[in-house]
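# Chains, contacts and geometry: an overview
Chain by chain, the residues:
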Amino acid sequence: GNTFTGGEGNNFYKLYYRNVYLKSDHWKLLREEKLNISPCCEKCGTTLSLDVHHKEYRGLYDVKLKDLQTLCRYCHNKVHEKIQKKKRKKNKNRQS
């Protein structure tokens, strides 16, 4: 499951993820390996402004290359917009 959805600790995990994990040697090496394997956006094919997106979170330090996707910044933002839209819909349905 996704470690960063819901719950009281959600903000803590987001801060840890951004400020610690994404700066860790573990992530830097994994990211570099993914970009070497997939050096262009897996959605649109561009090689500009590439990010490595987590498709799945098992645990921060239990990430496999198959859990990652190379995306340009535009496509990465689109994926996250879709995820946020699903979360809002899910939360709205819970409140109904």
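Residues numbered from 1 in each chain as written. Predicted model: local features only at pLDDT ≥ 70, side-chain atom pairs only at ≥ 80, totals over all residues. Heavy atoms only, no water.

## Regarding the confidence of the model for the chain
- Here the chain shows a mean pLDDT of 87. Residues at 70 or above account for 90%.
- Confidence scores differ between elements of the chain, with helix H1 (residues 10–19) showing the lowest mean pLDDT of 86 and strand S2 (residues 68–72) the highest of 97.
- Scored below 50 in pLDDT, residues 1–7 makes 16 contacts in the model with residues more than four places away or belonging to other chains. (pLDDT = per-residue confidence, 0-100. Helix = DSSP H or I, 4+ residues; strand = E, 2+ residues; numbered from the N terminus. Contact = heavy atoms within 4.5 Å.)

## Looking at helix H2 (residues 25–37)
- Across its 13 residues, H2 extends 18 Å between first and last C-alpha, which sits within 8% of the 18 Å expected from 1.5 Å per residue.
- Inspection of H2 places Trp 27, Leu 30, Lys 34 and Leu 35 among the buried residues, and these make up the whole buried set. Buried positions in H2, seen along its axis, are confined to an arc of 135° and lie on one side of it. For H2, exposure combined with an orientation more than 90 degrees from the buried face picks out Asp 25, Leu 29 and Asn 36.
- Elements that come into contact with the buried residues of H2 comprise strand S1 (50–54) and S2. (Expected span 1.5 Å × (residues − 1). Buried < 20%, exposed > 50% of the residue type's maximum accessible area, 1.4 Å probe, protein only. Arc of directions from axis to C-beta.)

## Focus: the side chain of Gln 69
- In this fold, Gln 69 is placed in strand S2.
- A relative accessible area of 14% places Gln 69 in the buried class.

## Brief notes about the nonpolar core
- Counting residues in each nonpolar core, the largest one holds 16 residues, and the members touching the most others are Tyr 21, Trp 27, Leu 30, Cys 41 and Leu 68.
- Those elements that place two or more of their residues in this core are H2, S1, S2 and helix H3 (73–95).
- When residues no more than four places from it in sequence are discounted, the contact partners of Leu 30 are Tyr 21, Val 63, Leu 65 and Leu 68. (Core = buried A, V, L, I, M, F, W, Y, C linked by side-chain atoms within 4.5 Å.)

## As for the packing of aromatic side chains
- For the structure on display, the rule yields 4 aromatic pairs.
- Centre to centre, the rings of Tyr 17 and Tyr 21 are 5.8 Å apart; their planes meet at 20°, and the pair counts as stacked. Accessibility assignment for this pair places Tyr 17 and Tyr 21 in one class, buried.
- Plain terms: the ring middles of Tyr 21 and Trp 27 are 5.7 Å apart, the flat faces sit at 45° to each other, and that makes the pair tilted.
- One aromatic cluster in this structure is built from Phe 12, Tyr 13 and Tyr 16. (Phe/Tyr/Trp six-rings, centres within 6.5 Å; stacked < 30°, edge-to-face > 60°.)

## Topic: the pattern of salt bridges
- This structure, assessed with the given rule, holds 4 salt bridges.
- One salt bridge in this structure joins Asp 51 and Arg 73, with 2.6 Å as the shortest N-O distance. Within this pair, whereas Asp 51 is found in strand S1, its partner Arg 73 is found in helix H3, the two being separated by 22 residues in sequence.
- A residue is classified by how much of its surface remains accessible, and Asp 51, at 9% relative accessible area, is buried. (Salt bridge = Lys/Arg side-chain N within 4 Å of Asp/Glu carboxyl O.)

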